[in-house]
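Tertiary structure, described
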Amino acid sequence: MPVKSFDMAKSRLEGVLTLSERRELARTLMGNALRALVDSGCFEHVMVVSRDEAVLGFAKELGAEAMREEGPPDLNAALRSVRDVAIADGAVSLLVLFSDLPNVTAEDIRALAEASSRCNVVIGPDRRTEGTNALLLRPPGAIDYAFGDLSFEKHLAAASKAGLEVTVLRRDGIGLDVDLPEDLQAMGRPVKVPSP
């Protein structure tokens with residue numbers, strides 16, 4: 001699970017939430033997603049990668065392992081570093097799950113794991129079917145990471161090019177991520193209108 005610094009998280013909500021509120025939202029969302037991962041019982045290791053010591057400390061409090069992100073900021077490079085560690089430890093599968101999923105549950109994680117028993121690549125798209133909120137690979141290096149703009153299509157294309165079987169798993173708990181004010185409304189949180 002890659003996690004930005006709590007102080008830098010959710011910058012696109014700057015117009016509707018204060019820094020303190022954005023920080024608390026990011027921490028709450030991370031806690032929920034991590035608990036879902038741990039409670040699912042599907043994975044032997046749950047790891048958070050971040051540059052932020054507060055994030056890494058919180059991850060440890062919740063029973064996850066923590067890995068400090070090194071080098072220039074690059075999400076895909078950070079995830080490749082985690083993947084290399086997982087492969088060296090003998091992992092047969094690897095799930096990337098983002099931390100800003102307010103409704104994700106242990107059952108959603110179990111559904112991802114179940115789907116991976118029938119294919120090499122499981123993609124959990126966002127509700128706009130543009131981004132990838134969950135990506136489960138079996139084996140861990142089945143395809144390279146392509147997180148960023150339109151990552152859903154990029155991950156599909158990479159799997160197709162490699163000749164791998166893919167399952168697209170659409171679940172409400174995985175689909176709703178919180179990036180924009182309308183996402184706050186979708187999760188049932190009232191959005192205040194900033195003063196002119």
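Just so it is clear, the structure is predicted and the values come from calculations on it, not from any experiment.

1. Some remarks on the pairing of strand β5 (residues 132-137)
For β5, the tally of buried residues reaches 6 of 6 residues, placing the bulk of the element in the interior. Note that strand β3 (residues 94-97) and β5 share 4 bridges and pair antiparallel. By the bridge assignment, L97 is partnered in β5 with A134. Here strand β4 (residues 121-125) runs beside β5; their pairing, made up of 5 bridges, is antiparallel.

2. Observations concerning unusual backbone geometry
Across the junction of R138 and P139, the peptide omega takes the value 5°, indicating a cis bond. Along the chain, the position of P139 falls in the loop between β5 and α5 (151-161). Even without a glycine there, the phi angle at L150 is positive, about 55°. Counting through the fold element by element, L150 comes out in the loop between β5 and α5.

3. Observations concerning the sheet that holds β3
Read from one edge to the other, the open sheet built from 4 strands follows the order β3-β5-β4-β6, with strand pairing classed as mixed. Each of the sheet's edge strands pairs with one partner strand only, and the pair in question is β3 and β6 (166-168). Direction aside, the axes of adjacent strands within the sheet are offset by 10° on average.

4. Some remarks on helix α1 (residues 19-40)
When the terminal C-alpha atoms of α1 are compared, their 32 Å separation across 22 residues agrees well with the 32 Å that a helix rising 1.5 Å per residue should span. Just past α1, the residue G41 takes up positive phi, approximately 70°.

5. Section: the nonpolar core
Formed by 32 residues in total, the largest nonpolar core has its most connected members in M1, M30, L34, V48, L97 and L112. Looking at this core, the elements with two or more residues in it are α1, α2 (53-61), β3, α4 (106-116) and β5. Ranked by residues supplied to this core, first place goes to α1 with 6 residues. Apart from the residues within four sequence positions on either side, L112 is in contact with L95, V122, A134, L136, L169 and I174. Counting 15 residues, the second-largest nonpolar core is a separate cluster that includes L94, V96, V121 and L135.

How each quantity is defined
- Residues numbered from 1 in each chain as written.
- Predicted model: local features only at pLDDT ≥ 70, side-chain atom pairs only at ≥ 80, totals over all residues.
- Heavy atoms only, no water.
- Buried < 20%, exposed > 50% of the residue type's maximum accessible area, 1.4 Å probe, protein only.
- Helix = DSSP H or I, 4+ residues; strand = E, 2+ residues; numbered from the N terminus.
- Pairing = 2+ DSSP bridges.
- Axes fitted to C-alpha atoms, helices over the stretch in contact; angles between N-to-C directions.
- Expected span 1.5 Å × (residues − 1).
- Core = buried A, V, L, I, M, F, W, Y, C linked by side-chain atoms within 4.5 Å.
- Contact = heavy atoms within 4.5 Å.

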